[in-house]
Amino acid sequence: SWFFALLLGEGSGLIPPGTHDFRLFIKPQELERAAKIQRLSLLDVQGEAPAIVSTVRNWAITFRASRSKAVAYSALFQAR
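Residues numbered from 1 in each chain as written. Predicted model: local features only at pLDDT ≥ 70, side-chain atom pairs only at ≥ 80, totals over all residues. Heavy atoms only, no water.

**Some points on the pairing of strand 1 (residues 40-50)**
Let me state the cut-off plainly: Strand pairing is assigned whenever DSSP identifies at least 2 bridges connecting the two strands. To qualify as a helix, a DSSP run of H or I must reach at least 4 residues; to qualify as a strand, a run of E must reach at least 2; elements of each kind are numbered from the N terminus.
Note: strand 1 against strand 3 (residues 72-79), 8 bridges, orientation antiparallel. Bridge pairing in strand 3 links leucine 42 to phenylalanine 77. For strand 1 and strand 2 (residues 63-66), the ladder comprises 4 bridges, and the chain directions are antiparallel. Each bridged residue has a counterpart across the sheet, and for glycine 47 the counterpart in strand 2 is serine 66.

Laid out in C-alpha cells, this is it:
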C-alpha cells in the first residue's frame, strides 16, 4: 500500500501530495478487532488492487477485485 498510494499515486500527481500518512494505514486485522469492540460482525472483506492499464488510460485511479488485501480493501460489517 505504501508503494502504490504514496510512491506511485502521490508521486505521479494522481493523488495530491500529503493525502496519505502511512502511519495511519489500518491493517484488516486491526479493523476487525476494533469492529468487535463496537459489536459489529464482519460479513465480508474484499481485497483491491490498482487496475494499472485503466488508471493510466483514464488518468484516474481505478481498482479491481483482488485476493490480496496488501494494497487496499473494503469491509462490510453488520451490527449484532
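Read on for the rest.
**With respect to the environment of alanine 60**
Put simply, the test is: Contacts are assigned to residue pairs that have any heavy atoms within 4.5 Å of one another.
When you line up the elements, alanine 60 lands in the loop between helix 3 (52-58) and strand 2. The sequence separation of alanine 60 and glycine 9 amounts to 51 residues, and the corresponding C-alpha distance is 9.8 Å. When near neighbours in sequence (up to four residues on either side) are disregarded, alanine 60 contacts Leu14, Ser54 and Thr55.

These figures come from the coordinates and say nothing about function on their own.
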